Structures are given as C-alpha cells and as structure tokens.
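Overview (structure and organization)
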Amino acid sequence: MSGSPDFYLTDQSVEWMEGDIPIQSAEFEAVWTKAMAPYQEEWNRTRQRYPEGRRVAGAIMFFSIHGIHIALSDGGYAVTAYGPVRSRVDHSYLYPHYLIEGTVQGGDNVNCWLVLGNCTMSGGTDGKDSILQG
C-alpha cells in the first residue's frame, strides 16, 4: 500500500485473466479506503510533523508514474515530480539511495504521502550498498 514500506504500485497495464470481474470506480475507492485504514493514524502524525513549507530530507526509494518516491529520514514517505528534479540535478544522482531534500507543498491523503517541491540533491547517499548506476 502507498502508506507503508511495502508499496504495491504498477506502471504496467493489468492483464485480464479468466474469472476476473471488472469493478466500478466507486467500488475500487471503497476497497482502497479500507486497505489504507491501518495507515491513517501514522499518516495523521506524519502530517503534523511535516507542515507545509517545512524543508525535509530523505533518500530516493524508487521511481513510478507518480514521480520520485522518498523515504524521509525521520519517518514517513513523500513523492516529488520527476521532471523538475531531473532538470536541476546531476543525472547520476537519480538512483535509489541518493539523498534528496525538498519543501513540503502538501499531502496526498489518498496515498498517505507528502508532496514535495523545490527539491535539491548534493550527491550524498544513505550509505546502503545497492546504488545502481548506468
């Protein structure tokens, strides 16, 4: 789920299999809300810790259609748009485990993550071994 370290996101089309039953958007939203309920209390604490305008730091976790996903250094998760970051930082920093800083612009209550803007990167890492470079 979006509000946990066990993210389940996909940027691929979902293939229909025999026996699959399509559901309406409202039904999906109800299932999603129920699935995210266990994360709401922590999300509320995160929102209180990180008010809009606060500068925060973390490490890149992964990239998705939502943008760059970040694990904040003192807990919680954030996302920022890929394009603006790519246009202002050295491209060799755009890999998991590189440190990124940004300003809280708001929160995504559906996915339980902060939305960051004005992100910068200096090339530092979180010290984990799995830094990939192309």
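All of these numbers come straight from a predicted model, not from anything done at the bench. (Residues numbered from 1 in each chain as written. Predicted model: local features only at pLDDT ≥ 70, side-chain atom pairs only at ≥ 80, totals over all residues. Heavy atoms only, no water.)

**Details of the pairing of strand β4 (residues 99-108)**
Alignment of strand β1 (residues 55-64) against β4, held across 5 bridges, turns out to be antiparallel. Its bridge partner being in β4, R55 is matched across the sheet by T103. Bridge count between β4 and strand β5 (residues 113-120): 6 bridges; the pairing is antiparallel. Counterpart to G107 in the pairing with β5 is L114. The turn linking β4 back onto β5 is made up of 4 residues, and C112 within it adopts a positive phi angle of 60°. (Pairing = 2+ DSSP bridges. Helix = DSSP H or I, 4+ residues; strand = E, 2+ residues; numbered from the N terminus.)

**Overview of the nonpolar core**
Judged by nonpolar contacts, the single largest core of 22 residues is most densely connected at I70, L72, V85, I100, L114, L116 and M121. Every element with two or more residues in this core is listed here: α1 (25-36), β1, β2 (67-72), β4 and β5. With residues up to four places along the chain from it excluded, the contact list for M121 reads I60, V85, V89, Y93, L94, Y98, L99 and I100. (Core = buried A, V, L, I, M, F, W, Y, C linked by side-chain atoms within 4.5 Å. Buried < 20%, exposed > 50% of the residue type's maximum accessible area, 1.4 Å probe, protein only. Contact = heavy atoms within 4.5 Å.)

**Considering the packing of aromatic side chains**
Going through the model one piece at a time under the given rule, you end up with 3 aromatic pairs. Seen from their ring centres, Y93 and Y98 are 5.9 Å apart, and the 25° between their planes marks the pair as stacked. We note that Y93, like Y98, is buried. (Phe/Tyr/Trp six-rings, centres within 6.5 Å; stacked < 30°, edge-to-face > 60°.)

Structural measurements only, silent on function.
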